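Read off the chains here:
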Amino acid sequence: MRPPFFRPAGRRKHAVQPPDSSAPTPSITTPAASAPHVPEAPQLAGLEASVHKLESTVRRCYRLAVMVVTVTAAGLFVSSGGAVVMVVFASALVAVVLHAAARIISRLLHIPQWLSVMLFVLVLVGALSLVVHVSGPELMVQLSHLHEALTSERDALHNMLDSNPLGHAVLDHFPRFLGGNMVPDGHAGTDNGMDFAGSMTNVLTSTFGSVGTMVVIIIAGVYFALSPHLYANGILRITPVAYRSTMRTVLLTTGHALTAWVAGQMLDMTVVGCLTWSGLSLLGMPLALPLGLVAGLANFVPYLGTFIGAVPALLIALSVGPREAMMVAGLYAAIQTFEGYVMSPFIQKRAVRMPPALTILSQTIFGAFLGMWGFIFASPITAVLLAVASRLSAPLPPNEEV
């Protein structure tokens, strides 16, 4: 008989061994006990926002500092060498005219750019020589008569005003070359001969003279027009890499703005000069051709140039009679109305649009800082500044417009 707890060896199950109490027991740790302390989400977001705000403030302060330093340096450079800067700007205007004309010739004749510039310069020189050969003597005689007549009328007006106390006080605020009593102080302001502007102005006006300055402007403009990319790439090379894209945009915008302004202003000057010449000829006024030439050239300065160009014609008309003076004043008023309300808007649609108030204020500001040069070139400089500002700034959303 088998014992009750007897099992065969093959059918016996392995008994589960109890755990050995002497073996080390693995410790169970929770993640919260071992992980470092992590700030809560709102605190982390607030810290990141503070850092971002601080970086943005530092970035704005840096940009403001760079802008202030740049504007200050530009202001000091312009104030110390304004005459030289204006000569360079005048050369740039000449280069813009030559480059635009040469580009058209290059497209029509399929010749290189530099050859187009030289061909255009030769055509201009030939046309000017022809005009001087055909009409030069008569034009010089009329200009001489105009100068004598204006000098006589200026002296007569000066004597009439100087005999009156109020008129004498008014003349004390006008320089001698305009018929006033003010004697220019050659040792005041920027003409003391000790700074850069004074020395360069003396060189440009005394040594070379006005004709020499014009020759320098034309020669420099021709060289600029022959290889404009050389000078533009030179400016880009000295510009920091981070700002080269912006500088390239500024250069291209400046070129387009100057081209549009010069084209529009040349058309405006031509029309005003021809209308003045024709109108004075119909009225039977003497020296109609030089007066029309003066009116057209004076219209290079918008708005104020029109009144400056009308002064010689009114003085000549006053010497003829009051009736002629009234007719000449009416003629210039009609031409100014046509130019301001018909021709100027038509030109500005295809050129540079400049508000009249801003144009007059720019002439006043640049004239105060740069003298006659600034007064003459205030309009193209303002046109460039407006074009560059419009190109670099973001457009104003409709809901933010006034």
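Residues numbered from 1 in each chain as written. Predicted model: local features only at pLDDT ≥ 70, side-chain atom pairs only at ≥ 80, totals over all residues. Heavy atoms only, no water.

1. Quick notes on the overall build of the protein chain
Phase 1: Scanning the protein chain from N- to C-terminus turns up 14 helices and zero strands.
Phase 2: Reading the protein chain from its N end, one meets helices and strands in the order α-α-α-α-α-α-α-α-α-α-α-α-α-α.
Phase 3: Excluding contacts between residues fewer than 6 apart, the proportion of contacts in the protein chain whose partners are at least 24 apart in sequence is 61%.
Phase 4: Accessible surface, the protein chain as shown: approximately 27600 Å² in total, 71% of it carbon and sulfur. (Helix = DSSP H or I, 4+ residues; strand = E, 2+ residues; numbered from the N terminus. Contact = heavy atoms within 4.5 Å. Areas by Shrake-Rupley, 256 points an atom, 1.4 Å probe, with all protein chains shown as cover.)

2. Concerning the packing of helix H9 (residues 244–283) against helix H14 (residues 378–392)
Phase 1: Relative to each other, H9 and H14 sit at 135°, their axes nearing to 9 Å. With respect to H14, the element H9 is oriented oblique. In this structure, H9 crosses over H14, and the sense of that crossing is right-handed. Across the interface between the two elements, Thr246, Thr249, Val250, Thr253, Thr254, Ala257, Leu258 and Trp261 of H9 pack against Ser379, Pro380, Ala383, Val384, Ala387, Val388, Arg391 and Leu392 of H14. (Axes fitted to C-alpha atoms, helices over the stretch in contact; angles between N-to-C directions. Parallel < 35°, antiparallel > 145°, perpendicular 65-115°, else oblique. Left-handed = near helix turned anticlockwise from the far one by under 90°.)

3. With respect to the confidence of the model for the protein chain
Phase 1: Summarising the model, the protein chain shows a mean pLDDT of 75, and 75% of its residues fall at 70 or more.
Phase 2: Note on residues 27–35: pLDDT under 50 across the span, and zero contacts to partners over four residues away in sequence or across chains.
Phase 3: Within the model, pLDDT remains below 50 along residues 185–208, and this stretch shows 22 contacts once partners closer than five positions in the same chain are excluded. (pLDDT = per-residue confidence, 0-100.)

4. Considerations on a nonpolar patch on the surface
Phase 1: A grouping of Val211, Val215, Ile219, Tyr223, Leu230 and Tyr231 is seen on the molecular surface, where their side chains present a nonpolar patch of about 620 Å² in accessible area.
Phase 2: Broken down by secondary-structure element, the contributors of at least two residues to the nonpolar patch are helix H7 (209–226) and helix H8 (228–237).
Phase 3: With four residues, the single largest contributor to the nonpolar patch is H7.
Phase 4: For Tyr223, the position within the fold is in helix H7. (Patch = residues over 30% accessible without salt bridge, like charges linked within 9 Å, V, L, I, M, F, W, Y side chains within 5 Å. Salt bridge = Lys/Arg side-chain N within 4 Å of Asp/Glu carboxyl O.)

5. A closer look at the packing of aromatic side chains
Phase 1: Inspection of every chain in the model, using the stated rule, returns four aromatic pairs.
Phase 2: Consider the rings of Phe300 and Phe377, whose centres lie 6.2 Å apart with planes at 85°: the pair is edge-to-face. Of this pair, Phe300 sits in the loop between helix H10 (288–298) and helix H11 (304–320) while Phe377 is found in the loop between helix H13 (356–376) and H14, placing the two residues 77 residues apart along the sequence. Residues Phe300 and Phe377 agree in their burial class; the two are buried.
Phase 3: Pairwise contacts between aromatic rings join Phe89, Trp261, Phe300 and Phe377 into one cluster. (Phe/Tyr/Trp six-rings, centres within 6.5 Å; stacked < 30°, edge-to-face > 60°. Buried < 20%, exposed > 50% of the residue type's maximum accessible area, 1.4 Å probe, protein only.)

6. Some remarks on the side chain of Asn299
Phase 1: Structurally, the position occupied by Asn299 is in the loop between H10 and H11.
Phase 2: With residues near it in sequence (within four places) discarded, Asn299 still touches Gln265, Asp268, Met269, Val272, Gly305, Thr306 and Glu339.

7. Examining the nonpolar core
Phase 1: Counting 23 residues, the largest nonpolar core has Phe89, Leu93, Leu258, Trp261, Phe300 and Phe377 as the members making the most contacts within it.
Phase 2: The greatest single-element share of this core, amounting to six residues, is contributed by helix H3 (residues 82–109).
Phase 3: Residue contacts for Leu93: discarding those within four places in its chain leaves Leu258, Val262, Phe300, Phe377 and Pro380.
Phase 4: Counting 19 residues, the second-largest nonpolar core is a separate cluster that includes Leu146, Ala288, Val328 and Tyr332. (Core = buried A, V, L, I, M, F, W, Y, C linked by side-chain atoms within 4.5 Å.)

8. Re a positive patch on the surface
Phase 1: A contiguous patch of positive charge, built from Lys53, Arg59, Arg60 and Arg63, is present on the exposed surface.
Phase 2: Checked against the element boundaries, Arg63 lands in helix H2 (residues 41–80). (Lys, Arg positive; Asp, Glu negative; His and termini not counted. Charge placed at Lys NZ, Arg CZ, Asp CG, Glu CD.)

9. Focus: the packing of H8 against H9
Phase 1: For the pair H8 and H9, interaxial distance at closest approach is 9 Å and the crossing angle is 150°. The orientation of H8 with respect to H9, classified from their angle, is roughly antiparallel. For H8 against H9, the interelement crossing comes out right-handed. Each of Ala232, Ile235, Leu236 and Arg237 in H8 lies in contact with H9, whose residues at this interface are Arg244, Met247, Arg248 and Leu251.
Phase 2: Residues of the contact of H8 with H9, tallied by class, amount to five nonpolar, no polar and three charged. (Nonpolar A, V, L, I, M, F, W, Y, C, P; charged D, E, K, R; others polar.)

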